[in-house]
Amino acid sequence: MRFFLFFLLISRVVIAQTAYPQDYFQPPLAIPMQLSGNFGELRPNHFHAGFDFKTQQREGLEVHAAADGYVSRIKISPFGNGKAIYINHPNGFTTVYCHLQTATGAIEAYIKKTHYKEQANEIEMFPQANELVVKKGEVIALSGNSGSSEGPHLHFEFRDTKTEKIINPMFFGFDKNFKDTKKPIVSAVYVYPLDGATANKSKQPLMLNLSLQKDGTYLANKVLANGAIGFGVSAVDYDNVSWNKNGAFKIQSYLNGKASFGYQFDTYSFDEMRYVNALIDYGRYKKTSQRVQKLFMKTPFNLSIIKTDATNGIVTVLPNLSSTYRIEVADYFGNTTIINIPIAFDASSPIVEKEKVESNYFVKANKDNIFSKENMTVTFPARTFYDDFAMNFAVNANVLTLHDDTVPVHSSFEITMESDKYSEEQKSKVYIASLSSSGRLGYNSTSVKGNLYVTKVRSLGKYTLAMDTTEPTISMVKSIEGRWISNDKTIQLSISDSGSGIKLYNGYLNGNWILFDYDYKTRKITHHFSDGIVAEGANDLKVIVTDQVGNTATFETHFFRSQK
């Protein structure tokens, strides 16, 4: 059976690399391809869904359609992928281009027309197949830094058009654009004692020492254990030209030569993204920022890339038996780092006991859990969490403590707080806030029914009721009051909110709605005069900004402009 699973895994690699067209698509940029992020790379709450192409640390590079097709979707948002274009191709695949500065030509005209028709700064469009037809190599946009991008780059994806599953771009012949002769670098290997087991006299996870061997493999110090144990590895990969950390393509473990637990980043669905928090040692990540990829599952979860034996990667160490555990970490090009770990039974008493966790309740991951105290109730539907755990649940001084954020949450759960201290007028300004260790409040969308306040959240930590009665602030980046600004191409304002955060922003020139681009990273909104709304001579500008609970600020000014 184990041999059959291993055969399936190997076959999957071969199929994944040969089932997709190799010369159909071209790179989206006309510069040498360099990655700042690869497919499957571990990110906060998700696996990276494509390639991040470097754009020479600047914006404005031409972005080309990878093949013939039509624009099937456009989304404009100040968050996430920012300005994004989706192109459906006749061979059943979709390419996605994100964090754009702007679209070009007919696509940009279509976007601008829709903005003004809907009078909305944030929009999503689904053009018909005959509306925005593109040819291979056609310039469709300029690269940018929009959305949640942390620097200028182009995020590029392949998807199956019907299933919307994302696919590793390497499978489409993009491997020809890179040179990689470097093995992945393994920075740490950990052994995890499970369910009361002991490893090297410890009931807590331990990092193993690695020594380089003459054949290029690594040998870990012997693991002396009794009971069930698992292993985890922290690894990164480099290619020959990009000089930045990327994720490993494939990790596979073997017990006594037989495949035990492994995964490779070929294709998966967006519904699986959050399982990254189950795959890694999430508690260690939250405490140290180190991502250790676990090679076992205590409670199985539905991440399709995982291939495992009947033990789910867990090794049971028994008397009079010695074993060899092997970990292989590989990149797409086959460069592989190998770690061998000898295992033997040891009945010695532990020196390091299991870490004590402050708790007063126990959560069963497969069951619904409801906890109440004083005026607060928390409802966890079944499968909110990946594993059972002992939880600290407390209410003190109107602050709800739900353990801490070292336990990953897969799906949303509900918090209800009851309070009669707010008037009917105040209730619309009240919300359930996340409370950080520094005391900073975070907004959560909250519904009100009588004296009950209800929200759904996706992380553990501290929560409390908060009220926001402060309106947003608006100011000009450069004063234009009563001035002639005939040579300016844009007007720009700073907007911010110290309470619940900005929800809406709208601008008007001489009573006509105008489009503003919002960059939440700089807290600035920008209008381009090229939209053609500005008038000859005197112009009156009004900007209205509303926060999440309805507090509204209005800013007005006037300026003069000559069109000559």
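For clarity, every value in this text was computed on a predicted model and none was experimentally measured. (Residues numbered from 1 in each chain as written. Predicted model: local features only at pLDDT ≥ 70, side-chain atom pairs only at ≥ 80, totals over all residues. Heavy atoms only, no water.)

Engineer: Describe the overall build of the chain, and please don't skip the residues or the numbers.
Structural biologist: A count of helices and strands for the chain gives five helices and 47 strands. In terms of principal-axis extent, the alpha carbons of the chain reach across some 90 × 65 × 35 Å. Restricting the contact set of the chain to residue pairs at least 6 apart, pairs at least 24 apart contribute 69%. Here the chain displays about 26400 Å² of accessible surface, and carbon together with sulfur accounts for 50% of that area. Of the charged side chains in the chain, 60 are positive and 56 negative; the average position of the first set lies 5 Å away from that of the second. (Helix = DSSP H or I, 4+ residues; strand = E, 2+ residues; numbered from the N terminus. Contact = heavy atoms within 4.5 Å. Areas by Shrake-Rupley, 256 points an atom, 1.4 Å probe, with all protein chains shown as cover. Lys, Arg positive; Asp, Glu negative; His and termini not counted. Charge placed at Lys NZ, Arg CZ, Asp CG, Glu CD.)

Engineer: Now, about the pairing of strand E46 (residues 537-547): what can you tell me, with residues and values included?
Structural biologist: Where strand E42 (residues 502-509) lies against E46, seven bridges are found, and the strand directions are antiparallel. Bridge pairing in E46 links Tyr 505 to Val 545. Joining the antiparallel neighbours E46 and strand E47 (residues 552-561) is a turn of four residues, in which Gly 550 adopts a positive phi near 100°. (Pairing = 2+ DSSP bridges.)

Engineer: Please give an account of the side chain of His 64 that cites residues and values.
Structural biologist: Here His 64 lies in strand E5 (residues 62-64). There is a polar contact of 2.7 Å between the side chain of His 64 and the backbone oxygen of Gly 137. If we skip the residues at most four places from it in the chain, His 64 touches Gln 26, Pro 28, Leu 29, Ala 30, Tyr 97, Gly 137, Glu 138, Val 139 and Ile 140. (Polar contact = N/O pair within 3.5 Å; in protein donor to acceptor, adjacent residues only side chain to side chain.)

Engineer: Tell me about the environment of Gly 230, and please be specific about residues and values.
Structural biologist: One can find Gly 230 in strand E19 (residues 223-236). Look at Gly 230 and you get buried, because its relative accessible area is 0%. When the C-alpha atoms of Gly 230 and Val 191 are compared, they prove to be 5.8 Å apart, with 39 residues separating the residues in sequence. Apart from the residues lying within four places of it in its own chain, the contact partners of Gly 230 are Tyr 190, Val 191, Tyr 192, Leu 194 and Phe 296. (Buried < 20%, exposed > 50% of the residue type's maximum accessible area, 1.4 Å probe, protein only.)

Engineer: Pulling in residues and values, what's your account of the pattern of salt bridges?
Structural biologist: Enumeration according to the criterion identifies 17 salt bridges in this entry. Between Arg 284 and Asp 281 there is a salt bridge, with the nearest N and O atoms lying 3.4 Å from each other. Salt bridges linked by common partners bring Glu 41, Arg 43 and Asp 52 together as one network. (Salt bridge = Lys/Arg side-chain N within 4 Å of Asp/Glu carboxyl O.)

Engineer: Lay out the sheet that holds E5 in plain terms, naming residues and giving numbers.
Structural biologist: Here we have three strands laid out as an open sheet, ordered E5-E12-E9, and antiparallel in their pairing. The open sheet is flanked by E5 and strand E9 (100-103), the only strands paired with a single partner. For this sheet the average axis-to-axis angle between neighbouring strands, irrespective of direction, equals 35°. Bridge analysis of E5 against strand E12 (residues 139-143) gives three bridges, and the strand direction is antiparallel. Paired with Val 63 across the bridge in E12 is Ala 141. (Axes fitted to C-alpha atoms, helices over the stretch in contact; angles between N-to-C directions.)

Engineer: Kindly report on the packing of aromatic side chains, identifying the contributing residues and their values.
Structural biologist: As enumerated under the stated definition, the model contains 46 aromatic pairs in all. Measuring from centroid to centroid gives 5.0 Å for Tyr 431 and Tyr 443, while their planes differ by 55°, and the two rings are tilted. Taken together, the residues Tyr 431 in strand E35 (residues 430-435) and Tyr 443 in the loop between strand E36 (441-442) and strand E37 (446-449) connect sequence positions twelve residues apart. Just above the ring of Tyr 254 sits the side chain of Arg 326; from NZ or CZ to the centre is 4.2 Å. (Phe/Tyr/Trp six-rings, centres within 6.5 Å; stacked < 30°, edge-to-face > 60°. Lys NZ or Arg CZ within 6 Å of the ring centre and 35° of its normal.)

Engineer: Mind laying out unusual backbone geometry, listing which residues take part and the relevant values?
Structural biologist: A positive phi angle is found at Asn 398, which is not glycine, with a value near 65°. Inspection of the secondary structure assignment puts Asn 398 in the loop between strand E32 (393-396) and strand E33 (399-402). One non-glycine residue with positive phi stands out, namely Arg 523, at about 60°. Mapped onto the elements, Arg 523 comes out in the loop between strand E44 (517-519) and strand E45 (524-528). For Arg 523, a relative accessible area of 47% puts it in the partly exposed group.

Engineer: Any details on the sheet that holds E33? Residues and values, ideally.
Structural biologist: Ordered in space as E32-E33-E39-E35-E36, the five strands form an open sheet in which the pairing is antiparallel. Two strands lie at the open edges of the sheet, namely E32 and E36, each paired on one side alone. Where E32 meets E33, four bridges bridge the pair, whose relative direction is antiparallel. Bridge assignment links Val 395 to a residue of E33, and that residue is Leu 400.

Engineer: Go over the side chain of Lys 83, please, and point to the residues and values.
Structural biologist: Along the chain, Lys 83 turns up in strand E7 (residues 83-88). A polar side-chain atom of Lys 83 sits 3.2 Å from a polar atom in the side chain of Asp 517. When near neighbours in sequence (up to four residues on either side) are disregarded, Lys 83 contacts Lys 75, Ile 76, Ser 77, Tyr 97, Cys 98, His 99, Leu 100, Gln 101, Ser 146 and Asp 517.

Engineer: Describe in detail the pairing of strand E6 (residues 69-76), supporting the description with residues and values.
Structural biologist: As judged from the two bridges shared by E6 and strand E11 (residues 133-134), these two strands associate in the antiparallel manner. The partner of Gly 69 across the bridge, within E11, is Val 134. Summarising the sheet, E6 and E7 pair through six bridges and their orientation is antiparallel. Its bridge partner lying in E7, Tyr 70 is registered against Asn 88.

Engineer: Mind laying out the environment of Asp 271, listing which residues take part and the relevant values?
Structural biologist: Relative to the assigned elements, Asp 271 resides in the loop between strand E22 (267-268) and helix H3 (276-279). The class of Asp 271 is exposed, set by a relative accessible area of 68%. Along the chain, Asp 271 and Trp 513 lie 242 residues apart, while their C-alpha atoms are 38 Å from each other.

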